[in-house]
Amino acid sequence: MPATAQLFNVTKAPFDPANPGSVIVTAVSLLFYSIFNDPIAKTGGIPYDNGSTQYVGSANDPKLNAEVERVESDGRARAYARRFYQPNGALHAPLVTLHNTLDPVVPFQHEVTYSNLVAQRRKSAFLNILPVARYGHCNFTTQEVVEAFALTVQQAEAQLVN
């Protein structure tokens, strides 16, 4: 299996199967996001670790897991990330999200995870996730954005009436 295919198989990073060049777009987008947003600088340390992560999907998973660099998180950085970046799902007003299902920067799985947090808080009535079956980060048509905004306004007005 070619190295690029293994990388995408292990990381589950999305790409557009109809456009082979999208693997480059995904890789560059992730690198740019990591550099531009620099979580280490923002949190004052490494807010994540991979000490217990078992990687799967390569041509030789045991070798990959034996040789991959293991990174240990910093407690202060984890606390910072929890405080400022970890959503809790406690919605108090309507929220409409629009998200590409093949987003190369912010995985669509984050929507699913957030939906579960909202459900745990019994706030699901406030959340509407609008998936867009397309590759790209914030790759929406004008109509999709207008419809999402209209739904937001409709839900906000309904909440004012109640």
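That block above? That's the structure.
Residues numbered from 1 in each chain as written. Predicted model: local features only at pLDDT ≥ 70, side-chain atom pairs only at ≥ 80, totals over all residues. Heavy atoms only, no water.

Draft legend 1. The arrangement of the overall build of the protein chain in detail. Tallying secondary structure elements over the protein chain gives 7 helices and 2 strands in all. The dimensions of the protein chain, computed from C-alpha atoms along their principal axes, are 60 × 40 × 25 Å. A buried classification covers 26% of the 162 residues belonging to the protein chain. For the protein chain, contacts bridging at least 24 residues in sequence account for 66% of all contacts bridging at least 6. By element, 60% of the accessible surface of the protein chain is carried by carbon and sulfur atoms, the whole surface being about 11,000 Å². One finds the centroid of the 12 positive side-chain charges in the protein chain at a distance of 9 Å from the centroid of its 13 negative side-chain charges. (Helix = DSSP H or I, 4+ residues; strand = E, 2+ residues; numbered from the N terminus. Buried < 20%, exposed > 50% of the residue type's maximum accessible area, 1.4 Å probe, protein only. Contact = heavy atoms within 4.5 Å. Areas by Shrake-Rupley, 256 points an atom, 1.4 Å probe, with all protein chains shown as cover. Lys, Arg positive; Asp, Glu negative; His and termini not counted. Charge placed at Lys NZ, Arg CZ, Asp CG, Glu CD.)

Draft legend 2. Broad picture of unusual backbone geometry. Notably, Arg122 is not glycine yet its phi reads approximately 60°, a positive angle. Tracing the backbone shows Arg122 in the loop between α6 (109-120) and β2 (127-135). Of the residues examined, Arg122 reaches a relative accessible area of 77% and is grouped as exposed. Positioned with a positive phi, Cys138 is a non-glycine residue whose angle comes to about 55°.

Draft legend 3. Geometry of the packing of aromatic side chains. Evaluation of the coordinates by the stated rule reveals 4 aromatic pairs. With a centroid separation of 6.3 Å and 50° between ring planes, the pair formed by Tyr80 and Tyr85 is classed as tilted. What makes Tyr85 partly exposed here is its relative accessible area of 47%. (Phe/Tyr/Trp six-rings, centres within 6.5 Å; stacked < 30°, edge-to-face > 60°.)

Draft legend 4. Layout of the pattern of salt bridges. Here the structure, examined in full by the defined rule, presents 2 salt bridges. When the shortest N-O distance is used, the salt bridge between Asp74 and Arg76 registers 3.7 Å. Looking at Arg76, the relative accessible area reads 63%, which means it is exposed. In this structure, the salt-bridge partner of Glu144 is Arg134, at a minimum N-O distance of 2.9 Å. Within this pair, whereas Glu144 is found in helix α7 (residues 142-161), its partner Arg134 is found in strand β2, the two being separated by 10 residues in sequence. (Salt bridge = Lys/Arg side-chain N within 4 Å of Asp/Glu carboxyl O.)

Draft legend 5. Geometry of a nonpolar patch on the surface. Taken together, the side chains of Tyr80, Phe84 and Tyr85 define a hydrophobic patch exposed on the protein surface, amounting to about 310 Å² of accessible area. Structurally, the position occupied by Phe84 is in helix α5 (residues 75-85). (Patch = residues over 30% accessible without salt bridge, like charges linked within 9 Å, V, L, I, M, F, W, Y side chains within 5 Å.)

Draft legend 6. Up close: the nonpolar core. Core analysis: the biggest nonpolar cluster contains 5 residues, these being Leu91, Tyr114, Leu117, Val118 and Leu127. Looking at this core element by element, the count peaks at 3 residues for α6. When residues no more than four places from it in sequence are discounted, the contact partners of Tyr114 are Pro87, Gly89, Leu91, Leu95 and Leu127. (Core = buried A, V, L, I, M, F, W, Y, C linked by side-chain atoms within 4.5 Å.)

Draft legend 7. Fine view of the environment of Lys123. By the element assignment, Lys123 lies in the loop between α6 and β2. For Lys123, a relative accessible area of 25% gives the class partly exposed. Counting along the chain gives 24 residues from Lys123 to Glu147, while the straight-line C-alpha distance between them is 22 Å. If sequence neighbours within four positions are ignored, Lys123 has contacts with Gly89, Leu91, His92 and Val118.

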